[in-house]
Amino acid sequence: MQQHAYILEFEKPLRELGKQLELWHQQSLENNIEMSTELAAIEQKLAKAEREIYSNLTPWQRVLVARHPKRPYALDYVSALCTDFQELHGDRQFKDDQALIGGTAFFDGRAVIIIAQQKGRNTKENILRNFGMPQPEGYRKALRLMKLAEKFNLPILSFIDTPGAYPGVESEARHISEAIAVNLREMAMLSVPSIAVVVGEGGSGGALGIGVANRVLIFENAYYSVITPEACSTILWRSRANAPKAAEALKFNASSLADFGVVDEVIPEPLGGAHNDPVAAAEALKKAFRRHLDELTELSTDELLGTRYERYRALGKFLEASAK
């Protein structure tokens, strides 16, 4: 396990084993004592504990991993996967929203349009990025980029990572709901291939505002939901304390989303999360993007529209038992 200054609560036993391993190794060097057997035993114990913990994360623990401050963000993946990314700014109506960025790039030798929600690493960056919560002008900028993609027949790659659209007074005054609603309608009718991936948080309409796509992917420790667990807990129990319970009820794990047909593929992460090996995480995403893009570019415009339509019509289907 790669050690980070930021340790989640359930990772503390691993940190203690790591400290013990480091201490014994240091003593072995300083005192010239042969301790290879003892060190190997601790290493095996640490590796076993890592596998057990990360293979059995609860939905709430996965939410914490999705929010890990060292987790790769959208621009990290764009930098790793694409070349010649040229960011385009502004919605041509109000201002440039730094929480939602996009532009042109080359992926695997193909020209694409990138649309992404971006968080910050520190206080200054988070203020600039509004903690990854786009405002109306962000979604209108995304729409402008979608129309650009359609004009030049370019596939769209969307990176979702937001707790939700910004709910402030100014955002509401500039019609955040309308901006998202227009995007939902227009994305459903795009004539070009579109792939969205949830790389961290996928909260509510803020995520869906750039997520109506032919294929929706999600990282193993990301989540995609109509509401955050804290907000759900506050509504149901008048307290944020039951957020873990809410996460459990809302099925905050990627495998459940795949079972329900909400996402098309779950991308595996390195042991401990994408932040433990960003290169491996990016490579896994690259392979998934390449495979789905190859499949989608073979479809006609009518097939792209039809399969996208059927994908979203199928969500939420249920059977009603007849009364006996």
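This section reports on the structure supplied with the text. (Residues numbered from 1 in each chain as written. Predicted model: local features only at pLDDT ≥ 70, side-chain atom pairs only at ≥ 80, totals over all residues. Heavy atoms only, no water.)

### Some words on the environment of tyrosine 139
Inspection of the secondary structure assignment puts tyrosine 139 in helix α6 (residues 136-151). As a C-alpha pair, tyrosine 139 and glycine 206 span 67 residues in sequence and 8.9 Å in three-dimensional space. (Helix = DSSP H or I, 4+ residues; strand = E, 2+ residues; numbered from the N terminus.)

### Regarding the packing of aromatic side chains
What characterises a pair of aromatic rings is the spacing of the ring centres plus the angle enclosed by the ring planes. Under the counting rule described, the total for this entry stands at four aromatic pairs. Pairing tyrosine 77 with phenylalanine 219 gives two aromatic rings, centres 5.3 Å apart and planes at 20°, and the pair type is stacked. Of the two residues, tyrosine 77 sits in helix α4 (residues 74-81) while phenylalanine 219 sits in strand β6 (residues 215-219), which places them 142 residues apart along the sequence. Judged by its relative accessible area of 0%, phenylalanine 219 falls in the buried class. (Phe/Tyr/Trp six-rings, centres within 6.5 Å; stacked < 30°, edge-to-face > 60°. Buried < 20%, exposed > 50% of the residue type's maximum accessible area, 1.4 Å probe, protein only.)

### Details of the environment of leucine 217
Position of leucine 217 relative to the elements: it lies in strand β6. Once the C-alpha coordinates of leucine 217 and valine 266 are considered, the two residues, 49 residues apart in sequence, prove to be 6.0 Å apart. Contact partners of leucine 217, with chain neighbours within four places excluded, come to Ile195, Ala196, Val197, Val198, Glu265, Ile267, Ala288, Phe289 and His292. (Contact = heavy atoms within 4.5 Å.)

### Description of the packing of α4 against helix α13 (residues 278-296)
Packed helices, taken two at a time, are described by their axes: the angle between them and the distance between them. Look at α4 against α13: their axes get within 10 Å of each other, and the N-to-C directions meet at 70°. The angle between α4 and α13 places the two elements in the roughly perpendicular class. For the pair α4 and α13, the sense of crossing is right-handed. Note on element contacts: α13 touches α4 through Ala281, Ala282, Leu285, Lys286 and Phe289, opposite Tyr77, Ala80 and Leu81. (Axes fitted to C-alpha atoms, helices over the stretch in contact; angles between N-to-C directions. Parallel < 35°, antiparallel > 145°, perpendicular 65-115°, else oblique. Left-handed = near helix turned anticlockwise from the far one by under 90°.)

### Examining the pairing of β6
For β6, the buried fraction is high: five of the five residues fall into the buried class. Two elements, strand β5 (residues 194-203) and β6, share four bridges in a ladder whose sense is parallel. Looking at β6, one finds that valine 197 is bridged to leucine 217. Two elements, β6 and strand β8 (residues 265-267), share three bridges in a ladder whose sense is parallel. Counterpart to leucine 217 in the pairing with β8 is glutamate 265. (Pairing = 2+ DSSP bridges.)

### Some words on α6
Under the 1.5 Å per step criterion, the end-to-end length of α6 is 23 Å for 16 residues, consistent within 8% with the ideal 22 Å. Turning to α6, its buried residues are Pro136, Glu137, Gly138, Tyr139, Arg140, Lys141, Ala142, Leu143, Leu145, Met146 and Ala149. Packing partners of the buried residues in α6 comprise β2 (100-107), β3 (110-117), β4 (156-162), α7 (169-173), α8 (176-188) and α9 (204-208). Remark: asparagine 153 follows α6 within two positions and exhibits a positive phi of approximately 55°. (Expected span 1.5 Å × (residues − 1).)

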